[in-house]
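# A closer look at the structure
The residues making up each chain are set out below.
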Amino acid sequence: MLNIIGSAAVTAALLGALAVAVVGVVAGFSRRPALIRAARYGTYFIFGAMTVAVAAMETALLTHDFSVEYVAKVGSRETPLYYTAISLWSSLEGSILFWGWILAGYGALVAFVNRRSLSRLVPFAEGVMGIVGIFFFGLLATAASPFGEVFPVPANGPGPNPLLQNHPLMGLHPPMLYLGYVGLAVPFSFAIGALLAGKLDEEWIRATRRWTVAPWAFLSVGILAGGWWSYEVLGWGGYWAWDPVENASFLPWLTATAFLHSVMVQERRGMLKTWNLSLIIGTFLLTLFGTFLTRSGILDSVHAFTEGVIGPLFLAFIAIVMVASLVLIAWRSDRLYAPGSLDAVVSKESSFILNNLVFVAFTFTVLLGTTFPLIVEAVNGNRVSVGPPYFNMVTVPLGLLLLFLMGVGPALPWRRTTAERIRGAFWLPTAVGSIVLVVGLLLGVRRVYPLLTFAFAGFVMTTIVEEFRKGVQARRRIAGVSSVRAFGQILTRNSRRYGGYIVHTGIVIIIVALAISGSWRFEREATLRSGEAMLLGAYGIRFDEVWGREEPQRFVVGATLTVFHEGEELGPMQPRMNYYPNSEQPIATPAVRSSLKEDLYLTLMSFDAEEGAHATVRAIVNPAVPWLWIGGMIVALGAILAVAPQRKSRRPEFVPAAAAVATEAASPKEEAVTV
Amino acid sequence: MGRSKKLWAGLGIVAIVAAIAVLIVGGLSENVVYFLTPSELQARAADVVDQPLRLGGQVKPGSRSWNAETLDLRFVVQDSLSEVQVKSTGAPPAMFKEGIGVVVEGRYREDGVFEATNLMVKHSNEYEPPHDERTPQEMYESLVKPEGTS
């Protein structure tokens, strides 16, 4: 029954997407109200159909209806409820279903929010999302159908891939990543819509600013949650390995970040029109490429679900999107003339252009490293891999350059400036950065990259604090309120700008945490007998016993260790190994004890299966790692603020005066364009 | 913007792009890791000594020895023609057993022993008998590109 409902719903969505693709584009050109309405209702219809399909799948999963092919593949009666519910995205077909549902959801939301506005762009955007939908719903209806019927109906299934049912973060990481990936289809659709409409002013950028910031934030959180998941599950004590699939999620993040900055240059200065179109098209292509890498099985990875025909279909779709976009840009090249030009070498726009250059180089570096093995194998058949040293060697200097620019951009004005103003804006940040450098040296830090990271971080944080200070000061003068209220007011009235600075703060924290955890981690592996302890830095780790526990879906073996810090007992820690019936290899659950300073990370490597008399344990001290997650939360907070509706000033007659005063105080109102 | 300023800005950008290109090319040439089978390694031993490598093959039955106290792990990786001694430090992965396919990362040393820094076990549900005539490409496919989930 659910098979039929699901398949019918997917087919309905596919037909809806075909209709919206045609009607949307025709409505865009003809501008007939009836067609514009039809495209909108078609978009709602697709979302309705996909919601039915996802609901049918969830029902099948939760009721263990093994007559549904996907449930027979990933379901089992023993899997806990939570992991059963989220096994929607634990394998290929379900994850494409989920992808399609999110796409339909974004489409419906775009249509609804703009039902009375942007009528020149929205029908086109709906049409483009319809075209993207055709591909994904088409996959679901054919090569990646999750609703196939299984007969005879099995009594039980194998359950999801053990790695994907071993940690609650599986409920966060994939949805966030998908919300980010798929959401970037919205600005892409508007960009293509602007090309089709020939309306290449800044309207499509203004219309999609929130639709870019929100997916960007989802993607950021998704990437970090992936790192966190890997840290909590894979047992090697790291969070990022430059695995192709991690890279696949990182690539569109890089170009989307570049885009968030470069659109400001277009909004403010009318420059970079073609560049912005290319960036968002490239970003969308990278999300498709990422989905291809992770879902085609071309690479070896936890994520590669491997299915034969999907890969070529994805490649074909990527090629079509790329060629069609290029043709459109060429067709509209006469309207892509950008009137603005660079006034001075030192200005906000030039720092953004440099930022974009570095982001693109960063993207290229990661893309090359990720695909190099495939290229080499295709060219001369050699089997090679590119290890983390390559990525670290190239990306760390680029990252440092970006960190530095993060301090320069916000403090520079648009257009041009004077040497005096540059000195005024930068003497304090430079002084703070230098002090941090000296303190680092005095504390005995001798590694160049961490030292530079700390110094630049000090520099950037000072410019951010200065920006807030100036903003609060200007607001106090205008509104005559206390500092605290002024702070609240600049956050709500100019949430885009100050939300952006909060995002920057989170990113600085993450970069510093990366530098510290990457440089000062230390570890030790030892076999301990009962009652025996090992020392690691200030920690003492005593092995007490090995125990086993039967659970419905798995068998768990754990070791109990008592942990001491400088002789003081901190309590027990229990790293475990989980044996699932559908995997020969046990899945580790490391034990992590976090403090703001560092994590103590224990993995059970091996144990005496007969008597439990000894166990081999790997202990790692990972400094600053919790700050990665804290930084991620700050990024999310800042992004939420940046997309929140801005509170309009209730007394508009004050605005000109406010602007005048503010310009004097480094013009927060004037430059109200950040993120 | 004046002409000379434009020139300098252009030169600056060229310099940055060139620096990044040097970084990328240098990074790649130093960090590309070759995948070899035991017979390929033996055939090219002189060229690849001390270079980072990935060695893929099967754990030779009866060759494994592990000292839990010192964490010293030794085994032999073989294919149909050749074998290579491997040593590593740390507990063997839980499903590490004789006859199983492994990929070891590390360096081949002058003394003919491969020093592994990382061990990866190819998990499949069936035991594969030591094979006969598989080409290096086939071994690579089976070890590095799994056909099933995970």
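Residues numbered from 1 in each chain as written. Chains lettered and ligands numbered in written order. Predicted model: local features only at pLDDT ≥ 70, side-chain atom pairs only at ≥ 80, totals over all residues.

Below, the discussion takes up the overall build of chain A. Each helix and strand in chain A was counted, giving 20 helices and eleven strands. Taking 26 Å as the expected radius of gyration for a compact globule of 675 residues, we find that chain A reaches 27 Å, a close match to that expectation. Out of the 675 residues belonging to chain A, those deemed buried represent 55%. Contacts in chain A between residues far apart in sequence, at least 24 positions, make up 74% of those at least 6 positions apart. (Helix = DSSP H or I, 4+ residues; strand = E, 2+ residues; numbered from the N terminus. Rg over C-alpha atoms; globule rule 2.2 N^0.38 Å. Buried ≥ 20, exposed ≤ 12 C-beta atoms within 10 Å, placed from the backbone. Contact = placed C-beta atoms within 7 Å.)

Below, the discussion takes up the nonpolar core. One finds Ala13(A), Ala53(A), Leu121(A), Ala185(A), Ala191(A), Ala513(A) and Val617(A) to be the most contacted residues of the largest nonpolar core, which totals 223 residues. Sort the elements by how many residues they give to this core and helix α9 (residues 203-233) of chain A lands first, with 18 residues. In this structure, Ala185(A) is in contact with Leu103(A), Tyr106(A), Met129(A), Val132(A) and Phe284(A), ignoring residues within four places of it in sequence. In terms of nonpolar packing, the next biggest core, distinct from the first, is built from 19 residues, Leu73(B), Val77(B), Val103(B) and Val121(B) among them. (Core = buried A, V, L, I, M, F, W, Y, C linked by C-beta atoms within 7 Å.)

Residues and elements named next belong to chain A. In space, the four strands of this open sheet follow the order β2-β11-β10-β9, with antiparallel pairing throughout. Two strands close off the open sheet at either side, each with one partner strand: β2 (522-529) and β9 (591-594). Along the sheet, successive strands turn relative to each other by an average axial angle of 20 degrees, direction set aside. Direction of pairing for β2 relative to strand β11 (residues 614-623): antiparallel, over a ladder of eight bridges. (Pairing = 2+ DSSP bridges. Axes fitted to C-alpha atoms, helices over the stretch in contact; angles between N-to-C directions.)

All right, on to the confidence of the model for chain B then. All names here are of chain B. On average, residues of chain B score 79 in pLDDT, and 78% of them reach the 70 mark or higher. Every residue in residues 124-132 is under pLDDT 50, and counting partners more than four places away or in other chains gives seven contacts. The model gives residues 146-150 a pLDDT under 50, and that stretch makes eight contacts with residues more than four places away or in other chains. Two numbers describe this predicted complex: its pTM, 0.89, and its ipTM, 0.79. (pLDDT = per-residue confidence, 0-100.)

To continue, consider the packing of helix α1 (residues 2-30) of chain A against helix α6 (residues 122-141) of chain A. Each pair of packed helices can be summarised by the angle the axes make with each other and by the distance between the axes. Residue and element names in this part refer to chain A. Look at α1 against α6: their axes get within 7 Å of each other, and the N-to-C directions meet at 155 degrees. Here α6 runs roughly antiparallel to α1, going by the angle between their axes. Crossing of α1 against α6: the hand is left-handed. Residue-level inspection shows Val10, Thr11, Ala13, Leu14, Ala17, Leu18, Val20, Ala21, Gly24, Val25, Ala27 and Gly28 of α1 in contact with α6, the latter providing Pro123, Phe124, Glu126, Gly127, Gly130, Ile131, Gly133, Ile134, Phe137, Gly138, Leu140 and Ala141. Looking at the contact of α1 with α6 residue by residue, the classes come out as 16 nonpolar, seven polar and one charged. (Parallel < 35°, antiparallel > 145°, perpendicular 65-115°, else oblique. Left-handed = near helix turned anticlockwise from the far one by under 90°. Nonpolar A, V, L, I, M, F, W, Y, C, P; charged D, E, K, R; others polar.)

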